[in-house]
Amino acid sequence: MNSRWSRLAPVAGVLLLAGLAGCRERSGAAARPAAGPADPVQAEAELLGRDLADIMDRVMAYRSAHQGRLPTSLRQAGIDSLAPQFIRRLGRQGGDPLLTVVFRHTEGRTLQSCRGTSMVLEDAALHEGAFEVSCTLVGGGDRTFTVPPLPPPPKPD
């Protein structure tokens, strides 16, 4: 029998196996836990640091749109100083903005706050998204953390 269907059977089999392999890869990737820091203190620093970088980006956008002038407050830049998880404070370090992001509730936390200047954005640009923040520990003292770049978003199917 040399019908049209007998010639398509091997092709259909290959497509079926490829489709099953694709499903297996997706389910295997979904079953793996998302990569994140194993150190809970590092996770706190990343949480504070990412908010800091986002707000600093918006402060610097304000500066660009207002002939090099920094906002006198976060409110002037249209940014809330109170968020559900954070309190944000804008100050100055010389001519640079100094942003501090504080946890609203520190019970069970190791870090109280993290701070940085516009250098966090420059560091991120120079180091493929990674930047450093200086953080204050709940028990006192400071420690510097490197906030890694965000992982790339998953590719659409």
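Description of the structure in this document.

Conventions and cut-offs
Residues numbered from 1 in each chain as written. Predicted model: local features only at pLDDT ≥ 70, side-chain atom pairs only at ≥ 80, totals over all residues. Heavy atoms only, no water. Helix = DSSP H or I, 4+ residues; strand = E, 2+ residues; numbered from the N terminus. Contact = heavy atoms within 4.5 Å. Pairing = 2+ DSSP bridges. Axes fitted to C-alpha atoms, helices over the stretch in contact; angles between N-to-C directions. Buried < 20%, exposed > 50% of the residue type's maximum accessible area, 1.4 Å probe, protein only. Lys, Arg positive; Asp, Glu negative; His and termini not counted. Salt bridge = Lys/Arg side-chain N within 4 Å of Asp/Glu carboxyl O.

## Comments concerning the environment of Gln 85
Alright, step 1. Here Gln 85 lies in the loop between helix H2 (40-65) and strand E1 (86-93).
Alright, step 2. In this structure, the C-alpha to C-alpha distance between Gln 85 and Leu 48, residues 37 residues apart in sequence, is 9.5 Å.
Alright, step 3. The contacts of Gln 85, once residues within four sequence positions are left out, are Leu 47, Val 102, Phe 103, Arg 104 and Arg 109.

## A short note on the sheet that holds strand E5 (residues 142-147)
Alright, step 1. An order of E1-E2-E3-E4-E5 is seen for the five strands of this open sheet, with the pairing classed as antiparallel. Two strands in the sheet have a free side with no partner beyond their single neighbour: E1 and E5. Here the average twist between neighbouring strands, direction ignored, is 25 degrees.
Alright, step 2. Bridging between strand E3 (residues 111-117) and strand E4 (residues 131-137) involves four bridges; their strand directions are antiparallel. By the bridge assignment for E4, Arg 115 is matched with Ser 134.
Alright, step 3. Packing against the sheet, H2 makes contact with E1, strand E2 (96-103), E3, E4 and E5, and its axis sits at approximately 140 degrees to E2.
Alright, step 4. Packing against the sheet, helix H3 (residues 119-126) makes contact with E3 and E4, and its axis sits at approximately 135 degrees to E4.

## Notes on the side chain of Glu 44
Alright, step 1. Tracing the backbone shows Glu 44 in helix H2.
Alright, step 2. Although Glu 44 is buried, it makes no salt bridge; Arg 109 carries the closest opposite charge, 4.3 Å away.
Alright, step 3. Filtering out sequence-adjacent residues up to four positions away, Glu 44 remains in contact with Phe 103, Gly 108, Arg 109, Thr 110 and Leu 111.

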